[in-house]
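Letter by letter, the chains look like this.
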Amino acid sequence: MGAGTGPPCDVGSRRQGPVATMKVAFLLLWLSLLPQPARAPIPCGPDLLGPAEVGGFTRGIGVSSTILHGESEERDCAYVTQRYEGKIVITCDEGSLNITTEGCFPRRCPTWQSLTVKIGEASVSASPINTIASGALEWRLCRNLDTLYRGKYIMFCNFGELSVDTSRCATQWDPMDLPPWDKRSRHFSLGLVDGAVLMLGGLGDAGPLREVWQWDPIEGSVEGTWTPTKKIPPWSGRFGIAAVRQERESGEQVMIFGGNDNQNRRDVWRWLRHQAIISLLLEESNATGTQARDCAISDDVLRCHAQQGVSGRKWHLSHYLEESTEVHLDVLHDAGPGGVPPGAVGAGAMVIAIELDHCRQIFRAEGGSWSATGCTGVQPPWARAEEAAIRLGPHGAAYPGQQRQLRFFLDRARQEIVLYSDGVPMVPPGAAPGQLGVPVGGGGCRDYGLTMRDENDTSLASCPNAEPPVTKMHLRVIEAVVWPEARIALRSLRVKAPAGYWQPIVDAAPWPARSSHSAVGLPDGDILLMGGVGESGLLNDVWRWTPRQCTLLSDMYPLDASRYALECIYPCKASPLYGQWYQLRNAPWAARQEHAAVYTVSGAWLLSMRSSFWEVELRKASKMTSGSGATTAISAPCHGRASGSSCSRLLPGSLATGWHSSAFLGLARPCLKPSSSSVALAATSLTARSSAASRRPAKTKSSLAVTSGVRTRTSRIGVAGPRSRPEGPSPQERSLRP
């Protein structure tokens, strides 16, 4: 082998290099195209924390155990702050925590949560009625904390914490200042419509008391003022009075019945809180005039016919009416069958005289016109006074033969009397603007001791060194007379009595004299009177007053009729003031005294303080509806007092009422024909009442409550519709009788 020769070249090897490289590349490409295995997600462990912000508070929070990527865990918002509730949501995201606090909200106060509230001397636990949201409140009754408190308190919730505000709670009983009246017992007190209190009579250290006190509240305060009435009442000092407050067209009034002034009484009086028109009794007058034959009363009309002289009547008013402000007469002035002789002086005239203090002012209707004269002093009203009369217009307002409504207004501020005839003022001619009446005394002087001037400053009248004829203008006497050949028919004489006037209604009611009884007003204006102690001992009789008069003598005067019991077999007519009393059947409860009757719209209650037998027997209150008389027993809220007490409740019915102890007591309004729902009440067992429930009519709103004191037991008045009943007491009645 020459120098230019050597080992042979490995050409194949040189050619395989690129191929191998390509194979490797293809292998790698193939491998890259193969599916790659997934990367394992990163979990979140319990050692991982993240910030959570709740209600301004921030705290690191994590999961309780390892969770995988995308998983979530809830944690209480209270972990960050106890002021919030709800859930915090923690989500794992590749080893990181995503924390959401949108589910957190201020903590509420649930109904099972409570707190201790101190009110007065007591500390009690209180809880919400409903769950209270944070920042919200709930109004609650103070009496739920302590029954001796009234008003409402506020329960707040603040991020789950309860608090209360009891500043609005006030005590039910407030200590008052020592009153100015003397100590007493067995008196009667009742509330008036505006919150005032009227206290009547009582028994003091010196005996029965004859006084009336009124307490008037001070606005915005629990305090008030006690003042005695302006005048001592006209009734005798007494204790054990029964009284009823009523609202009438004339205003608020109080009726009192009986009492004891060292002996039991049976008189009735009416107290008028405000001014009111009252009627004077026509027969309570004295004859006046020169004619021997007196006036006569028939059909409630006073008739005076003057033929041989002057004829008339005179009414003397008590000092209780001296401050009356008006006098009203409903009168017919007739010239008589013979007419008025032409030119006869005073013939056929009618005179109305009003005595104020000691001045008699004369108003004369004559010749078709009115005139006024005064003061006539002690002269009779038909005598001519020396002073000239003041003519009153308009002319023609006094022509005889017409029924007229006369009203005399006593203007004490101006010392005038204004006469209205059928509503038209009888004005003096040439009267100054605004002047309607005549000066008392009849002269032109009004401001005594001064010179009167008109609008042009011209002197009208001067009364030097003169004294006014009246000072207080107290009403003393009213007279009505006619001259010969004239007559009058006086249908009514009324005055506008002052506030606080006591009007006698009847001196001897038909029920036995008594004291320590009870009375209650009914919604139709009638009055129930029951029980008490009389001359024969304890009573359990029941009487109903109604504003009707049913008597044998149809023309009997209402006052006289009020002394007798109403009798339905005779014709009836309205008698709104005097009315008549009707005796109902005796109540089945034991005779008693010092009990109390209360009318309510929800039911009637009788509280007893007697033997435990009656307490056990009638421990529950029964609820009665009208018609069927079905009852439902409900627990009584009354607990033992002294030797025991019980109470029963009655829900009203239609027009008739009876007692739960099973005896009948018809309370349908007397002398009215019974309707299908107004007969009387049945006394049946609870089983019998329940069996009739399907026939039960709708309830009414009438109700009556009676609370009892000495010698009492639980009883109930109920109301039911018509039912058949055998004669004589039922076994239940006999078993319940004392």
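You'll find the structure just up there.
Procedures and definitions
Residues numbered from 1 in each chain as written. Predicted model: local features only at pLDDT ≥ 70, side-chain atom pairs only at ≥ 80, totals over all residues. Heavy atoms only, no water. Pairing = 2+ DSSP bridges. Helix = DSSP H or I, 4+ residues; strand = E, 2+ residues; numbered from the N terminus. Axes fitted to C-alpha atoms, helices over the stretch in contact; angles between N-to-C directions. Buried < 20%, exposed > 50% of the residue type's maximum accessible area, 1.4 Å probe, protein only. Lys, Arg positive; Asp, Glu negative; His and termini not counted. Salt bridge = Lys/Arg side-chain N within 4 Å of Asp/Glu carboxyl O. Polar contact = N/O pair within 3.5 Å; in protein donor to acceptor, adjacent residues only side chain to side chain. Contact = heavy atoms within 4.5 Å. Core = buried A, V, L, I, M, F, W, Y, C linked by side-chain atoms within 4.5 Å.

**Q** Report on the sheet that holds strand 11 (residues 152-158), specifying residues and quantitative values.
**A** Taken in spatial order, the three strands line up as 9-11-12 in an open sheet, and their pairing is antiparallel. Every other strand in the sheet has two partners, leaving strand 9 (137-141) and strand 12 (161-165) as the edge strands with one partner each. Across the sheet, the mean angle from the axis of one strand to that of its neighbour is 25 degrees, orientation sign disregarded. Pairing between strand 11 and strand 12: five bridges, direction antiparallel. When the sheet's bridge partners are listed, Cys 157 is paired in strand 12 with Leu 162.

**Q** A description of the side chain of Glu 73 should follow, citing residues and the corresponding values.
**A** Note that Glu 73 resides in strand 3 (residues 72-76). Buried and unpaired, Glu 73 has Arg 75 as its nearest opposite-charge partner, separated by 4.3 Å. Reaching out from Glu 73, the side chain makes a polar contact with the backbone nitrogen of Ser 64 at a distance of 2.8 Å. Sequence-distant contacts of Glu 73, that is, excluding residues within four places in its chain, are made with Gly 62, Val 63, Ser 64, Ser 65, Ile 67, Ile 88, Val 89 and Ile 90.

**Q** Describe the side chain of Arg 313, with residues and values.
**A** The residue Arg 313 is located in strand 27 (residues 311-316) in this model. Among the polar contacts made by the side chain of Arg 313, one reaches the main-chain carbonyl oxygen of Ser 285 at a distance of 2.5 Å. A polar atom in the side chain of Arg 313 sits 2.5 Å from the side chain of Asp 294. Every residue in contact with Arg 313, bar those within four places of it in the chain, is listed here: Glu 283, Ser 285, Asn 286, Ala 287, Thr 288, Asp 294, Cys 295, Leu 302, Cys 304, Ile 478, Glu 479 and Ala 480.

**Q** So what's going on with the pairing of strand 8 (residues 122-126)? Residues and values would help.
**A** Of the pairings in the sheet, the one linking strand 7 (residues 115-119) to strand 8 comprises five bridges and is antiparallel in character. Within strand 8, the residue paired with Val 117 across the bridge is Val 124. Connecting strand 7 to the antiparallel partner strand 8 that follows it, the hairpin turn spans two residues, and Gly 120 within it adopts a positive phi of roughly 65 degrees.

**Q** Lay out the nonpolar core with the relevant residues and their values.
**A** Judged by nonpolar contacts, the single largest core of 50 residues is most densely connected at Trp 370 and Phe 408. Examining the composition of this core, we find that six residues originate from one element, strand 40 (residues 486-497), more than from any other. If you look at the next biggest cluster of nonpolar residues, it comprises 19 residues, including Met 255, Ala 509, Ala 519 and Trp 543.

**Q** Explain the environment of Asp 216 residue by residue, including any values.
**A** With respect to the helices and strands, the residue Asp 216 is situated in strand 18 (residues 212-217). On the basis of relative accessibility, which here comes to 24%, the residue Asp 216 falls in the partly exposed class. Taking the C-alpha atoms as reference points, Asp 216 and Leu 198, 18 residues apart in sequence, are found 9.0 Å from one another. Beyond its immediate sequence surroundings of up to four residues, Asp 216 is in contact with Ala 196, Gly 224, Thr 225, Thr 227 and Arg 273. Within the structure, Asp 216 has its side chain in polar contact with the side chain of Gln 214 (distance 2.9 Å).

**Q** How would you explain unusual backbone geometry if you had to name every residue and give the values?
**A** Going from Gly 393 to Pro 394, the amide bond is cis rather than trans, its omega being 5 degrees. Secondary-structure assignment places Pro 394 in the loop between strand 32 (390-392) and strand 33 (402-411). Despite not being glycine, Glu 94 has its phi angle at roughly 50 degrees, a positive value. Note on placement: Glu 94 falls in the loop between strand 4 (84-93) and strand 5 (96-100). Glu 94 gets classed as partly exposed once you look at its relative accessible area, which sits at 32%. Backbone geometry at Asp 357 places phi at a positive 55 degrees, although glycine is not the residue there. Topologically, Asp 357 is positioned in the loop between strand 29 (350-356) and strand 30 (359-366). Looking at Asp 357, the relative accessible area reads 10%, which means it is buried.

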